[in-house]
Amino acid sequence: MNGLVMGAIYALSAAGVSLVAGVMRVINFSHGEFYILGAYFSYYFSVSLGLNPVLAAVVAMGFLFLIGLFIERTLIRSTYGQPMQSMIITFILSIVLQNIALISFGPYPKKPPAFSEDSVHFIGDFNYGIQRLIAGSSSLFLFCLFYLFIKKTRFGLKIRAVAQDPQMAEAVGIHSKRIRLVSFGLAVALAGAAGVVLSPTFPVVPTSGEPLTLSAFVVIVFGGMGSIRGCLMGGLLLGLAENFGSAYISTMYSQVFGFILLIGIILFRPTGIYGNKI
Amino acid sequence: MATKSKRSIKWLIGISIALAALLLPKFASDYGIHIAIISLFYVLMSSSWNLVAGFTGQVSFAHAAFAAIGAYASSLMAIHYNLPIPLTIVFGTCIAGTLGHVLGRLCLPLGGTYLSLVTLSFAEILRIVITNEDQWTRGTMGLQVPGIFRDYSKTKYYLLFLAITVFAVLGLNLLIRSRMGLRFRAVMDDEIAAASVGVHTTNIRVLAFTLSSLIAGLAGALYGHYAMLISPDIGSLAQMFLILAMTMIGGLGSIEGPIFGAILLEVLSEQIRSFGEYHLLVFGVISLLIVRFAPQGLAGLLRRQRWKLF
Amino acid sequence: MAIKLFTLIFISLGFANLSSAETIKIGVVGPRTGSAAAEGTAFDEGIALALDAIRAKGGIHGSSVEVVFEDTGGGPEKAAAAFEKLVTKDKVAIVLGESHSSAALAEIEVANRYHTPFIVAEAWADAIMEKKYPSVFRAGPYNTDVVNSTIVQFIKEGHFKKVSIVAENSDWGKGIGALTDSALKKEKIEHSLTEVDQNAKDFYPSLNKVKTEKPDLVLAYIYSFGLHTFVSQARELSVSPNALVLDGAGPPSLWGEFWTNVGKAGDGELFISPMHESVQPNAEAKAFWNAYKKKFSKSPSDYKIRSAYITVLLAADALERANSTEPSDVVNALEKTNFSAPTGKIHFGTKQGDIHYHQWSPQMLAVQWQNRKQVVVFPKNVATGTIEFSK
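**Q** I keep staring at the overall build of chain A and nothing clicks. Help me out?
**A** Across its full length, chain A holds eleven helices and two strands. In chain A, the succession of helices and strands from N to C terminus is α-α-α-α-β-β-α-α-α-α-α-α-α. Here the C-alpha radius of gyration of chain A, 18 Å, is about what a compact globule of 278 residues would show, namely 19 Å. Dimensions of chain A, computed from the C-alpha atoms along their principal axes, are close to 60 × 45 × 35 Å. Within chain A, the fraction of its 278 residues that count as buried is 59%.

Encoded structure:
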């Protein structure tokens, strides 16, 4: 149960990384930092400015989309075709954003108001936090929205075309530059969305982004880079693996299971469950 | 042009640096020597990371982790088996080198991104294992480590670090200028072309990776016995960032770059210590600018300027 | 260019310290960054109050006092480096502070190496004083004392039948967890011990295990914001309020973020603290309370503000009596301490091999949040109310 909920959360957190890896061939190290920015923005809009939490979430995502566009233009665009370069840049960027967050929001956890502090009672002696259920189901909902956007809209089609073959896409009149720009913004907004949805359950501190980035990497390697379906499967698998691992082997090692799976998959099946190799 | 005077200037610079470095303990305070020692540790770390990143084009995120392996292996041997410390340092270095070799063998053939992801996972696994196996490693509580010298003397540690760093850097310099170094760069510049003229790309990369992990292990082991206390922090991603920033700011792919970068950033971070958390931000912004606008780093900028001068 | 760069570096190495002889420097170590950075703020406030008090008295024999506060980040490595910097660069006469046991254990090694007098304020692990370093003192609680004279007594007084101990894997958590475990074994009170990762965010797996034990008291030895997460998740899984949760450290339950982070789950939560508005045993305690209210126009919450305040005054007192900054003189003066602090008369044991060697600790209270008000429930002689169980 906890595994499935955490799985949906992981899937949403990884969706942006997967999109960027697929369309731009960029491994985005700073994804987790966009996640915490999303959480901080929604905290400030809802707590300090008193906006309605849902509205605050939307505004926060909008902001992040713009930040994403800006970062793509200034930092990422010059590194296309040089995966090492872009990885180094996003790695440094993650440290920079982490410290900006530390200075502007302080080291203490920020928790936007939760919808509910209660738990639901299931059969027998089993309880589960309502807020965590909300986080899980809204993650799943947002993930499905994203999936439909990529699969069913014209814009999604263009994104897929660029991901598959940028030259071909260019040849049929798609501006691959613009598609990449928007994809990056979208990915950053997705990270922000995860932050908005999760922070009432797991309050964020400036260093919360790092574990999220790492688990997103595990998920996209599982699912194959750039595959959205794989992303969901990878997320669920990671959630379950961590949960069973900590229940039956050791709670202290729950994160390790993901990393071991990552190394195993890279060594034996680098394309992941569905996807394609970079 | 004036090659003769250029060469003599080079010699002059070299000799004065060597003299200054040797005489440093005479006029620096304990605190100054401490910073010098830590700088030398970072010189070792960034120079060896540069060997892989700057000369074969692969980004490893496990470099700090290899230092942690060297430090913990050596310290644990010294604590639990009471072996002489020079021996445990050699042991720690070898463990790091061997693990580096195995890791390199396994994932270098897969290519860039995958190497980065695997080294990243490896570093994280290592950090979690060290943190959790605290009956051995004392986890985040920090492991007390015996020192190398019976009576504590900063000058002795400094001279030891200096000797090893000079030796390692000269070694790396020779390697890069040898035929092997040519192959390194051939692998980086054009993998396919290098392979077609008979350079075995994977072997070359594995060699560089192994050497670099070996030096990291040595640096880590020495650091542990100097600081007399180690915690999983030496293998952390923040530490990794520092090494990366030092190399990038100093100049990726040059010999002098990482040396510059390491000393500069360490001294700078001590100077702006009172600003606490700001130093990582400052380094981050500087390295972003450098990577974006001057990918050759400070060394590259200096070199360009010298051309103008002469 | 290269020469310039190196000269610059060497200059900054060589002349790194230029200190004036007029002021006496006191070093403070504590977390200003990292997950317990709130303690740094608490220390800052305590130091400021203590400096006001020292200034009002005209300094130490006419010299002014300066405090250099170095950040430890809560980790041992940084702590040792910070301590070393205080001694070798700032040349402080005495060092005090600390609120992490792991960091303190690293610092005492440096203190011993340089024979620097060091007063530990808020690091509770027994091991810190077990090494019997001649220049190390502790004027604060320690695990054995907290467990035996506060926690176990509280459990007996409250007639708790089944206790689940949840301890983080830090020097403090592991130490106090094991001590409580053996103390409860001696008292024949049914209990269990669970270890958790000190950086964990998701306590569901551990809490599910605790839940099957059906305890009536959960002892949470979790420091920093982990405690908030633990308290709110305990409620989500309805471990509480069936069982009461006792925060075995204290400060996290008093931080400003506590109520936003735990919400409803905070009501009924208990915590350990040596300080409460209604418990003012002497004039010094009242003086501190009033001085704080005057300077910060609110009531002090985190008791570590007061710990820092007391230790700075204690150090100044020793420096004054020693009339010297020589380490051995200061240590001698500290051994002869007889200082009236808000927590009582402070004096250190001097018998080698005794558990009270260089150790002094205050009486701790157990406080419960009842309708967001702090109610002292233990010990009986100062209690302002009784323990409230789940309704």
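**Q** Just checking my understanding: could you explain the nonpolar core for this structure?
**A** Soluble globular proteins tend to pack their nonpolar side chains together in the buried interior. Membership of the largest hydrophobic core comes to 215 residues, with the highest contact counts inside it found for A:Phe34, B:Phe66, B:Tyr158 and C:Phe230. If one sorts the elements of this core by residue count, helix α2 (residues 30-56) of chain B sits on top with 17 residues. When near neighbours in sequence (up to four residues on either side) are disregarded, B:Phe66 contacts B:Ala96, B:Leu99, B:Gly100, B:Leu103, B:Phe122, B:Phe209, B:Ser213, B:Ala216 and B:Gly217. Membership of the second largest hydrophobic core comes to 83 residues, among which are C:Leu244, C:Tyr309, C:Val331 and C:Phe378.

**Q** Got a minute to help me understand the interface of chain C and chain A in this structure?
**A** When the parts of a complex come together, some accessible area is lost, and that lost area is often used as the size of the interface. Listed per partner, the contact involves 29 residues of chain C and 21 residues of chain A. When chain C packs against chain A, the two sides together hide about 2,100 Å² of surface, and 50% of this comes from carbon and sulfur. Summed over the three residues of chain C that lose the most area to chain A, namely C:Lys201, C:Tyr204 and C:Glu236, the buried surface amounts to 24% of that side. Remark: the boundary between chain C and chain A carries zero salt bridges. Counting every contact that joins chain C to chain A gives zero residue pairs in polar contact (both at pLDDT 80 or more). Of all elements in the fold, only α2 (38-56), β7 (190-196), α8 (204-212), α9 (226-236) and α10 (258-262) of chain C reach the threshold of two or more residues within the side of chain C that touches chain A. Of the residues contributing to the side of chain C that touches chain A, the split by class is nine nonpolar, ten polar and ten charged.

**Q** I would appreciate a short explanation of the sheet that holds strand β1 (residues 24-30) of chain C in the present structure.
**A** Remark on secondary structure: sheet strands pair via backbone hydrogen bonds, oriented parallel or antiparallel. All names here are of chain C. The sheet built from five strands is open, its strands ordered β2-β1-β3-β4-β5 with parallel pairing. This sheet does not close on itself; its edge strands, each paired only once, are β2 (65-71) and β5 (136-138). Averaged over neighbouring strand pairs, the angle between their axes works out to 25° when direction is ignored. Sheet topology places β1 next to β2; seven bridges connect them, and they run parallel. Residue pairing for β2: Val29 is matched across the bridge by Glu70. Together, β1, β2 and β3 (94-97) form the strand contacts of α2, whose direction differs from that of β2 by roughly 175°. Set on the sheet, helix α3 (residues 76-88) makes contact with β1, β2, β3 and β4 (118-120); between it and β2 the angle comes to about 155°.

**Q** What am I meant to see in the environment of A:Phe45 here?
**A** All names here are of chain A. Position of Phe45 among the secondary structure elements: in helix α2 (residues 31-48). Under the relative-accessibility criterion, Phe45 is labelled buried at 14%. In this structure Phe45 touches Gly50, Leu51, Ala56, Val59, Ala60 and Phe63, once residues within four positions along its chain are discounted.

**Q** Looking at this structure, I do not really get the domain arrangement of chain C. What am I missing?
**A** Residue and element names in this part refer to chain C. Split into domains, chain C comes out as domain 1 (2-141 + 283-346) and domain 2 (144-273 + 365-382). Each of domain 1 and domain 2 has a C-alpha centre, and the two are 30 Å apart. Contact with domain 1, which involves 17 residues of that partner, is made by 17 residues of domain 2. In total, domain 1 and domain 2 occlude about 1,300 Å² of area from one another, counting both sides; carbon and sulfur atoms represent 60% of this. Three residues, Trp124, Asp126 and Tyr303, lead the burial of domain 1 against domain 2; their summed loss comes to 37% of the area buried on that side.

**Q** Whenever I open this one, the state of the cysteines confuses me. Can you help?
**A** Think of a disulfide as a covalent bridge from one cysteine sulfur atom to another cysteine sulfur atom. Residues and elements named next belong to chain A. If you walk through the whole model with that rule in mind, you get zero disulfides over all chains. Cys231 provides the cysteine sulfur closest to Cys144, a residue in no disulfide bond, and the two sulfurs are 12 Å apart. Looking at Cys144, the relative accessible area reads 39%, which means it is partly exposed.

**Q** For this particular structure, what's the right way to read unusual backbone geometry?
**A** Outside of glycine, negative phi angles account for most residues, and trans bonds account for most peptide bonds. All names here are of chain C. Looking along the chain, the bond that leaves Ser240 and enters Pro241 is cis, with omega of 5°. Positive phi, normally seen in glycine, also occurs at His61, with a value near 45°. Within the fold, His61 resides in the loop between α2 and β2. For Ser238, which is not glycine, the phi dihedral falls at a positive 45°.

**Q** For this particular structure, what's the right way to read the side chain of C:Gln233?
**A** Considering the arrangement of structural elements, one finds C:Gln233 in helix α9. A relative accessible area of 1% places C:Gln233 in the buried class. Beyond its immediate sequence surroundings of up to four residues, C:Gln233 is in contact with A:Arg132, A:Phe202, C:Lys201, C:Asp202, C:Phe203, C:Tyr204 and C:Leu207.

**Q** Got a minute to help me understand the interface of chain B and chain A in this structure?
**A** On the side of chain A, 38 residues touch chain B, which itself brings 37 residues to the contact. In this assembly, chain B packs against chain A so that about 3,600 Å² is buried in total across both faces, 81% of it on carbon and sulfur atoms. Here chain B and chain A share one residue pair in polar contact (both at pLDDT 80 or more) between them. When residues in the side of chain B that touches chain A are grouped by element, the largest group, 14 residues, is from helix α5 (residues 112-132) of chain B.

**Q** Got a minute to help me understand the pairing of β7(C) in this structure?
**A** Two faces, one strand: in a regular strand the side chains alternate between the faces of the sheet. All names here are of chain C. Here strand β6 (residues 162-168) pairs with β7 via seven bridges, running parallel. The partner of Val163 across the bridge, within β7, is His191. Regarding topology, helix α7 (residues 171-186) serves as the crossover connection from β6 to the parallel β7, and that connection is right-handed.

**Q** Would you take a moment to explain the confidence of the model for chain C for this structure?
**A** Low pLDDT marks regions whose predicted coordinates should not be analysed in detail. Residue and element names in this part refer to chain C. Model confidence for chain C is summarised by a mean pLDDT of 87, while 94% of its residues fall at 70 or above. Here helix α1 (residues 2-14) is the element of chain C with the lowest mean pLDDT, 50, and β4 is the one with the highest, 95. Counted against residues more than four places away or in other chains, residues 14-21, with its pLDDT under 50, gives nine contacts.

**Q** How should empty space enclosed by the protein be read in this particular structure?
**A** Over the atoms, a rolling probe the size of a water molecule traces out where space has been left empty. Within this structure, the stated rule accounts for four cavities of 30 Å³ or more. Here the largest cavity defines a volume of roughly 100 Å³. Lining the largest cavity we find 15 residues, and of these C:Glu122, C:Ala139, C:Ser307, C:Ile310 and C:Thr343 sit closest to its centre. Of the residues forming the lining of the largest cavity, the biggest block, five residues, is contributed by helix α12 (residues 303-322) of chain C. Its residues placed into classes, the lining of the largest cavity shows nine nonpolar, four polar and two charged. If you trace the second largest cavity, you find it lined by A:Phe29, A:Glu33, A:Phe91, A:Ser94, A:Ile95, A:Gln98, A:Glu210, A:Thr213, A:Leu214 and B:Leu237. Looking at the lining of the second largest cavity, the elements that each hand over two or more residues are α4 (83-105) and α9 (209-223) of chain A. For the lining of the second largest cavity, the element with the highest residue contribution is α4(A), accounting for four residues.

**Q** Sorry, what's going on with the packing of aromatic side chains here?
**A** Describing an aromatic ring pair means giving the distance of the ring centres and the angle of the ring planes. The tally for this structure, following the rule as stated, stands at 40 aromatic pairs over all chains. Their ring planes at 40° and their centres at 5.4 Å tell us that A:Tyr44 and A:Phe105 sit as a pair that is tilted. A residue pair is termed long-range when its members are at least 10 positions apart, and A:Tyr44 in helix α2 and A:Phe105 in helix α4 qualify at 61 residues. An angle of 80° between the planes, with centres 5.1 Å apart, marks the rings of C:Trp259 and C:Trp369 as edge-to-face. Pair noted here: C:Trp259 is in helix α10 and C:Trp369 is in strand β13 (residues 365-370), with a separation of 110 residues, a long-range link. Assigned by exposure class, C:Trp259 and C:Trp369 land together as buried. Three or more aromatic residues link up through ring pairs in this structure, and these residues are C:Trp124, C:Trp172, C:Tyr221, C:Tyr223, C:Phe225 and C:Trp255. Taking the ring centre of A:Tyr80 as reference, the NZ or CZ of A:Arg180 above it sits at 4.6 Å. A cation over an aromatic ring shows up here: C:Arg113 above the ring of B:Tyr152, its NZ or CZ 4.3 Å from the ring centre.

**Q** I would appreciate a short explanation of the pattern of salt bridges in the present structure.
**A** Pairs can form between side chains of opposite charge once their charged atoms are near each other. Per the stated rule, a full pass over the model turns up 21 salt bridges over all chains. Between C:Arg55 and C:Asp52 there is a salt bridge, and its shortest N-O distance comes to 3.7 Å. You can see C:Arg55 and its partner C:Asp52 sitting in helix α2, three residues apart, about one turn around the helix. Under the relative-accessibility criterion, C:Asp52 is labelled partly exposed at 29%. With a closest N to O distance of 3.3 Å, C:Lys174 and C:Glu195 form a salt bridge. With a gap of 21 residues between them, C:Lys174 in helix α7 and C:Glu195 in strand β7 connect regions that are remote in the sequence. Salt bridges sharing partners connect three or more residues here, namely B:Asp134, C:Lys174 and C:Glu195.

What counts and what doesn't
- Residues numbered from 1 in each chain as written.
- Chains lettered and ligands numbered in written order.
- Predicted model: local features only at pLDDT ≥ 70, side-chain atom pairs only at ≥ 80, totals over all residues.
- Heavy atoms only, no water.
- Helix = DSSP H or I, 4+ residues; strand = E, 2+ residues; numbered from the N terminus.
- Rg over C-alpha atoms; globule rule 2.2 N^0.38 Å.
- Buried < 20%, exposed > 50% of the residue type's maximum accessible area, 1.4 Å probe, protein only.
- Core = buried A, V, L, I, M, F, W, Y, C linked by side-chain atoms within 4.5 Å.
- Contact = heavy atoms within 4.5 Å.
- Buried area = accessible area lost by both parts, 1.4 Å probe.
- Salt bridge = Lys/Arg side-chain N within 4 Å of Asp/Glu carboxyl O.
- Polar contact = N/O pair within 3.5 Å; in protein donor to acceptor, adjacent residues only side chain to side chain.
- Nonpolar A, V, L, I, M, F, W, Y, C, P; charged D, E, K, R; others polar.
- Pairing = 2+ DSSP bridges.
- Axes fitted to C-alpha atoms, helices over the stretch in contact; angles between N-to-C directions.
- Domains from an automatic or database assignment.
- Disulfide = S-S within 2.5 Å.
- Right-handed = clockwise from strand over helix to strand, strands pointing away.
- pLDDT = per-residue confidence, 0-100.
- 1 Å grid on protein atoms, 1.4 Å probe; cavity = no way out; pocket = protein on both sides within 12 Å on 5 of 7 lines; lining within 4 Å.
- Points joined across faces, edges and corners; volume = space filled by probe spheres on them.
- Phe/Tyr/Trp six-rings, centres within 6.5 Å; stacked < 30°, edge-to-face > 60°.
- Lys NZ or Arg CZ within 6 Å of the ring centre and 35° of its normal.

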